[in-house]
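Inside the fold
So you can see what is in the structure, the chains are spelled out below.
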Amino acid sequence: MMAAGGAGAARRPIRLLLADDQPLLRTGFRMVLGGEPDLDIVAEACDGAEAVDLATRLLPDVVLMDVRMPRQDGVSATRAIVAARLPVRVLILTTFDLDEYVVGALRAGASGFLTKDVPAEDLVAAIRTVAAGDAVVAPRILRHLLDRFATSLPDPAVRQRPARLDTLTDREREVLVQLAAGRSNAEIAQKLSVSETTVKTHVGHVLTKLGLRDRVQAVVLAYETGLVRPGG
């Protein structure tokens, strides 16, 4: 979308906070990202506690958050940022792409995750995607993670069905179930015999009614409430 000022108006850069306890890695990320005209690294944090403090004070658009850090890990730091309702999105950086830390971070409200050896162009694209309000974890990968670490989810016997789930129409609930199954908009459209545009509209309604920021949170909620069963 064009800025209000017309073709000559410049969109402000995406403000980034780097959070990693290894200075060498932070330097590497700074070198990769520093040359992008639409990215602006506003600060660096060496642990989760500092990341929360800087995120609260500086309000960056995106935090690149390592999951394993001293004092406060990336999972609890992500949870603190989300709980504070800051206009900040978290993109998790991890050495291992399939572990309980990633699941914990996504459940805490992260908008996706990347491995630290991700190609530079993919890292830049992911930051732009998250800053725009979308998630950067493929639904199928997320489902695999949740299935694999189902024991970390609440026990089915004590799960509570949020009242706001009842605000969904039958079709919106169908779409949520399809999202949790790891299907793309195109696949959901084919499954429900509707257009992709209609699916996109339904997804938007689901996120708004449930107070969720992106598809990742929608999938996690579907699992946590028992709407979808791991392995089902």
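First, a word on what this report is: a plain description of the structure on this page. (Residues numbered from 1 in each chain as written. Predicted model: local features only at pLDDT ≥ 70, side-chain atom pairs only at ≥ 80, totals over all residues. Heavy atoms only, no water.)

1. Quick word on the overall build of the chain
The helix and strand tally for the chain stands at 10 helices and five strands. The proportion of buried residues among the 232 residues of the chain is 45%. Restricting the contact set of the chain to residue pairs at least 6 apart, pairs at least 24 apart contribute 67%. For the chain, the accessible area works out to roughly 11400 Å², and carbon and sulfur atoms hold 53% of it. (Helix = DSSP H or I, 4+ residues; strand = E, 2+ residues; numbered from the N terminus. Buried < 20%, exposed > 50% of the residue type's maximum accessible area, 1.4 Å probe, protein only. Contact = heavy atoms within 4.5 Å. Areas by Shrake-Rupley, 256 points an atom, 1.4 Å probe, with all protein chains shown as cover.)

2. Notes on the sheet that holds strand β3 (residues 62-66)
What links the strands of a sheet is backbone hydrogen bonding, and the strands pair in either a parallel or an antiparallel sense. Strand order across the open sheet formed by five strands is β2-β1-β3-β4-β5, with parallel pairing between neighbours. Only two strands of the sheet have a single neighbouring strand rather than two, namely β2 (39-45) and β5 (113-115). Averaged over all pairs of adjacent strands, the angle between strand axes in this sheet comes to 25°, irrespective of strand direction. As paired elements, strand β1 (residues 14-19) and β2 share six bridges and run parallel to each other. Looking at the pairing, Ala19 lines up with Ala45 of β2. (Pairing = 2+ DSSP bridges. Axes fitted to C-alpha atoms, helices over the stretch in contact; angles between N-to-C directions.)

3. Description of helix α5 (residues 120-131)
Relative to the 16 Å expected for 12 residues at 1.5 Å per residue, α5 spans 17 Å between its end C-alpha atoms, a close match to the ideal helical length. When we look at burial in α5, the residues that qualify are Leu123, Val124, Ala126, Ile127 and Val130. Viewed end-on, α5 has its buried residues packed into an arc of 160°, placing them on one side of the element. The secondary structure elements touched by the buried residues of α5 are β1, α1 (23-34), β2, β3, β4 (89-94) and β5. Phi for Gly133, located one or two positions after α5, is positive at around 100°. (Expected span 1.5 Å × (residues − 1). Arc of directions from axis to C-beta.)

4. So, the packing of helix α2 (residues 48-58) against helix α3 (residues 74-83)
At a minimum axis separation of 8 Å, α2 and α3 run at an interaxial angle of 20°. Relative to α3, the element α2 lies roughly parallel. Relative to α3, α2 is oriented so that their crossing is right-handed. Residues Gly48, Val52 and Ala55 of α2 pack against Ala77, Ala80 and Ile81 of α3. (Parallel < 35°, antiparallel > 145°, perpendicular 65-115°, else oblique. Left-handed = near helix turned anticlockwise from the far one by under 90°.)

5. Quick look at the pairing of β1
Extensive coverage of β1 is indicated by the burial of five of its six residues. Of the crossover connections in this fold, the one passing from β1 over α1 to the parallel β2 is right-handed. Both β1 and β3 contribute to a ladder of four bridges, which runs parallel. Across the sheet, residue Ala19 finds its bridge partner in β3, namely Met65. (Right-handed = clockwise from strand over helix to strand, strands pointing away.)

6. A look at the nonpolar core
By size, the foremost hydrophobic cluster in this structure holds 27 residues, and its most contacted members are Leu17, Ala19, Val63, Met65, Ile81, Val90 and Ile92. In terms of residue count, α2 provides more of this core than any other element does, four residues in total. Ignoring any residue separated from it by four or fewer positions in sequence, one finds Val63 in contact with Leu17, Ala19, Ala55, Ile81, Val88, Arg89, Val90 and Leu91. (Core = buried A, V, L, I, M, F, W, Y, C linked by side-chain atoms within 4.5 Å.)

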